[in-house]
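# Commentary on secondary and tertiary structure
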Amino acid sequence: ADINLQEIHDLLVSIAFEAGKMIMAANPSTISTDTKLNSADIVTETDQAVERMVGTKLRAAYPQFAFVGEETYVAGQTKVTDAPTFIVDPIDGTTNFVHGFPAACTSLGFAVGRRAVVGVVYNPFLDVLYTGIEGKGSYMHVRASLAEVTQKFRLPLAGKGEGSRAPPLKGLQSSLLAIEWGSTRDGTNYDVKWQTFRKLAASKESGGSMVHSLRSIGSAALNLCHVAAGEVDLYWEGGCYAWDVCAGWCILSEAGGIMVSGNPGGWETQLDSRVYLAVRGAPSGQKETVEEFWAVVGD
Ligand code: IPD
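Quick caveat, the model's predicted, so the values are computed rather than measured.

Attention now moves to the pairing of strand β4 (residues 85-92). By the criterion of burial, β4 is predominantly enclosed, with 8 of the 8 residues buried. Pairing of strand β3 (residues 66-69) with β4, which is carried by 4 bridges, proceeds in the parallel orientation. The residue of β4 that forms the bridge with Ala 66 is Thr 85. Alignment of β4 against strand β5 (residues 105-112), held across 6 bridges, turns out to be antiparallel. Directly across from Val 88, in β5, lies its bridge partner Leu 108.

A few words on the site of the ligand. Close contacts around the ligand come from 15 residues, with Thr 94, Glu 180, Gly 182, Ala 220 and Cys 240 the closest. It is β4 that contributes the most residues to the shell around the ligand, 3 residues altogether. Viewed by domain, the shell around the ligand spans two of them, domain 1 (5-156) and domain 2 (172-298), each represented by three or more residues.

What follows concerns the environment of Ile 23. Turning to its location among the elements, Ile 23 is positioned in helix α1 (residues 5-25). Ile 23 sits in the buried class, given 24 other C-beta atoms within 10 Å. When the C-alpha atoms of Ile 23 and Cys 105 are compared, they prove to be 8.8 Å apart, with 82 residues separating the residues in sequence. Apart from residues no more than four positions distant in its own chain, Ile 23 is found in contact with Thr 46, Val 50, Ile 91, Phe 97, Ala 104 and Pro 124.

Summarising burial for strand β12 (residues 234-238): 5 of the 5 residues are buried, a large majority. By the alternation rule, side chains of β12 split into Leu 234, Trp 236 and Gly 238 and Tyr 235 and Glu 237, which are all buried. As judged from the 5 bridges shared by β12 and strand β14 (residues 275-279), these two strands associate in the antiparallel manner. Directly across from Leu 234, in β14, lies its bridge partner Val 279.

Confidence in the prediction for the chain averages 91 pLDDT; 92% of positions are at 70 or higher. Low pLDDT, under 50, characterises residues 159-163; the stretch is placed with 17 contacts to residues that sit more than four places away or in other chains. In the model output, the complex is listed with pTM 0.94 alongside ipTM 0.95.

Attention shifts here to the UniProt feature "binding site: Mg(2+) 2" (unreviewed entry) in the chain. UniProt tags Asp 89 and Asp 92 as "binding site: Mg(2+) 2" (unreviewed entry). The class of Asp 89 is buried, set by 33 C-beta atoms lying within 10 Å. Not counting the four nearest positions on each side in its chain, Asp 89 is found in contact with Glu 70, Ser 107, Ala 221, Trp 243 and Asp 244. Assignment of secondary structure puts Asp 92 in strand β4. Assessed through the 30 C-beta atoms surrounding it within 10 Å, Asp 92 is described here as buried.

Now for the UniProt feature "binding site: Mg(2+) 1" (unreviewed entry) in the chain. Taking the numbering used here, the UniProt-annotated feature "binding site: Mg(2+) 1" (unreviewed entry) corresponds to Glu 70, Ile 91 and Asp 244. The greatest C-alpha distance among the residues just named is 9.6 Å, despite their covering 175 residues of sequence, which places them together in space. Positionally, Ile 91 belongs in strand β4. Residue classification places Ile 91 among the buried positions, given that 30 C-beta atoms sit within 10 Å. Those residues in contact with Ile 91, other than ones at most four positions away along the chain, are Ile 23, Thr 46, Asp 47, Val 50, Phe 97, Ala 104 and Thr 106. Within the fold, Asp 244 resides in helix α6 (residues 242-254).

Basis of the calculations
- Residues numbered from 1 in each chain as written.
- Predicted model: local features only at pLDDT ≥ 70, side-chain atom pairs only at ≥ 80, totals over all residues.
- Buried ≥ 20, exposed ≤ 12 C-beta atoms within 10 Å, placed from the backbone.
- Helix = DSSP H or I, 4+ residues; strand = E, 2+ residues; numbered from the N terminus.
- Pairing = 2+ DSSP bridges.
- Near = placed C-beta within 6 Å.
- Domains from an automatic or database assignment.
- Contact = placed C-beta atoms within 7 Å.
- pLDDT = per-residue confidence, 0-100.
- UniProt positions renumbered as here; feature names shortened; annotations may be inferred.

Now the structure itself:
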């Protein structure tokens, strides 16, 4: 049977607002904090409580669909399949949440055939909501309530459709790029990361691309929304998971942006590919910018 994506979107929006209330009610200085992989991989009891709430509501409404959540993921066991699946991160930007840096969000995605078809990302600190439905565009809603998430209050994101004023992409040198440190701080993956940052930022004389600058705001989902909004041109990260990117991916594609592999050559990339490059919507220059980026990374 056909899946009603609008209905799923509306439910995800209401759950995201509820998650936002839980996040804002928590006091990060007193909630208990634990670590997973290492001391930079933080989880709080709020992450877990929000995931329980989200999982309970989604399973009650759609018991037939699969559920993948960051805090209940079991390495080697939890898989993203072709089945209709909710893919959620209760708090994306947990480090920001713990420090009170206002860039954390709830990221709720829905994928069918491993394609992100609904995305809802809500930052309760700034009260900004981003939403997307495949084929229906993506929007930013500022200080919205559920009742107000209507055509009247929403701003179409850059790149596609009415209101698009996205300029052409003119290559890496004139771009603002989002990157993330992630929690892996040793080994080859860490070397690839900081070497990539170095090459992107360094002057041409030092063998770099001399981008305008690099930004690291600490949330994969929000980075994708910033790319969707055309506020940064590109976002590269090696090491994230499907729940970090699912919701943002839908919002990005509906805004005319693209996701490709952060490793050279992968035009078609998957939700669980772990290394991604997102490029904003633009009337021209997307392909050239990706190729230039791959040349820097592969160098
Ligand atoms: C993390 C954030 C961070 C990114 C990591 C993610 P979390 O998610 O999105 O920006 O660098 O790769 O794991 O742990 O805060 O949900």
